[in-house]
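Residue-level listing of the chains:
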Amino acid sequence: MDERTHRLPDGPKSKVLATLRYLRDPVGSIVDLGRRHGDLFTIPNLAGPIVVAAAPSAIRAIFAAEPDTFAPFAADSMAPVLGRGSILIQHGAAHRRARKLMQPPFHGARMRAYGATMRDSSHAHLAARPLGRPFPVEDVFRDISLDVIIRTIFGVATGERIAACRRGVRESIAAFGPLLATFTSLQREFGGWGPWARFRRLLTGVHDLLRQEIAARDPARPGDDILSLLVAARDESGAAMDEQEIVEQLFTMVIAGHETTATALAWAIDEMLRQPELLGQLREELRPIGVDPDRLAQSPLLDAVCAETLRLHPLIPLVTRKLLRPFEVGGHALPEGVGLGACLLLAHLREERYPQATAFRPQRFLAGKQPSPHEYLPFGGGARRCLGAAFALHEMKIVLATVLLEFELELTTAPARTSVRAATIGPRGGVPVVRRR
């Protein structure tokens, strides 16, 4: 290769300015970079340069590569939050083992057994909101998502323990904001004072609650909750996960599943309430089905609405990994240690694949050729594709169907702008609505 191929692709030069622009306008900053630099460019990140790929061929090459080509990006900054035993931190043989042990509860009949909990929680939390008074609907969806996690993943059943888990998880997540996530220099205890010390105290409290739940489980008699199934799981050698790994995997599920599902639902409500005709069509299709979790798959339009929401509003705009060996993409030979990201946002906005790409049109998923995994990738791809993708989509359908069939909501603001959270992006203001009846 000539010398040109050894240079990183072009991109902005200042890591501070690039970071600040992303924090101010995550979607606009990435779209602008794609417009100016094309399908391959470099972002100077505080954790190291990231080469961003948007072309389907480049994304296919990333996801088809040998899994051991990559490690998690910025693992050192995530480890104090998630723990070294988290599946988002692990790579290589440890990651493959954890994924194999954790996969069964998120698929098939086990996952569908949680449908009634998702439906009942949706009704209870939204019905508790007063009529005629504005509230951010994303806050309600966070309550629903957290309730589902505590009941189906943690397996907590009694009211007092549910309240303790809910309070601990909510406070620890709120304490870890985008500034702590972005600027790792702030991740210092300062003698027990400051935001990082407070987050660590709250995190320790959540870990202690999870250890109490683990101690209450009998591996010989596993329940239906995911925690019980993880306690009983064994690898090929007959070894179980140790307590600390289970704790860290459970907290990872909270981080990965709590905010993301709520945010996707908020975007879906924002889009649907702006299209009364489409909303009417979906209600007509859902009425004969009701909110029977086992029958929701019979609604093609519900599938399409969820798919279009995740296309237009990807929760994580960039899936980034760290190269453990040199890798060639788009005519550039990238060296070991560089970050390499598949850009979900730009892949989902390609006009040649999605005409009128910035418009919310679920009909595009009802007719014609379906997009390939490297053109539509809301849950990532390859060996590190989101483990809970089926669970999250199942929950999204049940909650959305329950809300749209049983409640009348009205938007109170103009279309939402996007803001940065600790690990995701979502609607600024949480999509304020009013419940009319």
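Values in this document were obtained by computation on a predicted structure and should not be read as measured data.

How each quantity is defined
- Residues numbered from 1 in each chain as written.
- Predicted model: local features only at pLDDT ≥ 70, side-chain atom pairs only at ≥ 80, totals over all residues.
- Heavy atoms only, no water.
- Phe/Tyr/Trp six-rings, centres within 6.5 Å; stacked < 30°, edge-to-face > 60°.
- Lys NZ or Arg CZ within 6 Å of the ring centre and 35° of its normal.
- Helix = DSSP H or I, 4+ residues; strand = E, 2+ residues; numbered from the N terminus.
- Expected span 1.5 Å × (residues − 1).
- Buried < 20%, exposed > 50% of the residue type's maximum accessible area, 1.4 Å probe, protein only.
- Core = buried A, V, L, I, M, F, W, Y, C linked by side-chain atoms within 4.5 Å.
- Contact = heavy atoms within 4.5 Å.
- Pairing = 2+ DSSP bridges.
- Axes fitted to C-alpha atoms, helices over the stretch in contact; angles between N-to-C directions.
- Left-handed = near helix turned anticlockwise from the far one by under 90°.
- Nonpolar A, V, L, I, M, F, W, Y, C, P; charged D, E, K, R; others polar.
- Salt bridge = Lys/Arg side-chain N within 4 Å of Asp/Glu carboxyl O.

A. Representation of the packing of aromatic side chains within the structure. One pass over the structure, following the stated rule, counts three aromatic pairs. One cation-aromatic arrangement involves Arg311 over Tyr354; the distance from NZ or CZ to the ring centre is 5.0 Å. Over the ring of Phe70 we find Arg321, and its NZ or CZ is 5.8 Å from the ring centre.

B. Structural detail: helix α2 (residues 26-37). The end-to-end C-alpha separation of α2 is 17 Å, in line with the 16 Å expected for twelve residues at 1.5 Å each. All of the buried residues in α2 are Pro26, Ser29, Ile30, Asp32, Leu33 and Gly34. In the stretch just after α2, Gly38 is the one whose phi turns positive, near 90°.

C. Geometry of the nonpolar core. Val137, Phe141, Phe154, Leu250, Ile269, Leu400 and Val433 are the most contacted members of the largest nonpolar core, which has 97 residues in total. When residues of this core are assigned to their parent elements, the largest contribution, 13 residues, is made by helix α13 (residues 243-272). Not counting chain neighbours up to four residues away, the residues in contact with Ile269 comprise Val137, Phe141, Leu400, Val403, Leu404 and Val433. Ranked by size, the runner-up nonpolar core spans 21 residues in total, among them Ile62, Val319, Val329 and Leu340.

D. Quick look at the sheet that holds strand β2 (residues 48-53). Strands sit in the order β1-β2-β8-β5-β3 across an open sheet of five strands; the sheet is mixed. If you trace the sheet from one side to the other, it starts and ends with β1 (40-45) and β3 (70-72), each paired once. Sheet twist, expressed as the mean angle between neighbouring strand axes with direction ignored, is 35°. Pairing geometry for strand β5 (residues 318-323) and strand β8 (residues 339-343), over five bridges, is antiparallel. Within β8, the residue paired with Thr320 across the bridge is Gly341. Packed on one face of the sheet, α2 meets β1 and β8 and runs near 135° to β1. Along the sheet, helix α3 (residues 56-64) makes contact with β2, β3, β5 and β8, crossing β8 at roughly 125°.

E. Up close: the packing of helix α7 (residues 115-127) against helix α8 (residues 137-153). Two numbers describe how α7 lies on α8: the axes approach to 9 Å, and their chain directions differ by 140°. With respect to the hand of their crossing, α7 and α8 are arranged in right-handed fashion. Taken together, the residues of α8 that come into contact with α7 (itself represented by Thr117, Met118, Ser121, Ser122, His125 and Leu126) are Val140, Asp143, Ile144, Asp147, Val148, Arg151 and Thr152. For the contact of α7 with α8, the class distribution of residues is five nonpolar, five polar and three charged.

F. Local environment of the sheet that holds strand β4 (residues 135-136). With respect to topology, three strands assemble into an open sheet ordered β4-β12-β9, the strand pairing being antiparallel. Unpaired on one side and paired on the other, β4 and β9 (409-411) mark the two borders of the sheet. The pairing of β9 with strand β12 (residues 432-435) spans three bridges and is classified as antiparallel. The residue bridging Leu409 from the neighbouring strand is Arg435, located in β12.

G. View of the pairing of β12. A two-sided burial pattern is seen for β12, the buried positions comprising Pro432 and Val434 on one face and Val433 and Arg435 on the other. Bridge count between β4 and β12: two bridges; the pairing is antiparallel. Bridge pairing in β12 links Phe135 to Val433.

H. View of unusual backbone geometry. Backbone geometry places Gln356, a non-glycine residue, at a positive phi of 50°. Mapped onto the elements, Gln356 comes out in the loop between α16 (344-347) and α17 (389-406). A positive phi angle, near 60°, is found at Val431, a position not held by glycine. With respect to the helices and strands, the residue Val431 is situated in the loop between β11 (425-427) and β12.

I. The pattern of salt bridges, seen in detail. Enumeration over the complete set of coordinates arrives at 28 salt bridges. Here Arg21 makes a salt bridge to Asp32, at a shortest N to O gap of 3.1 Å. Of this pair, Arg21 sits in helix α1 (residues 15-24) while Asp32 sits in helix α2; the two residues are eleven residues apart in sequence, bridging distant segments of the chain. A relative accessible area of 29% means that Arg21 is categorised as partly exposed. Given the relative accessible area of 16%, Asp32 is considered buried. Between Arg211 and Asp208 there is a salt bridge, and its shortest N-O distance comes to 3.6 Å. Remark: Asp208 and Arg211 occur in helix α11 (residues 194-215); sequence separation between them is three residues, near one turn of the helix. The exposure class of Arg211 is partly exposed, given its relative accessible area of 24%. Take Asp208: its relative accessible area is 38%, and that puts it in the partly exposed class.

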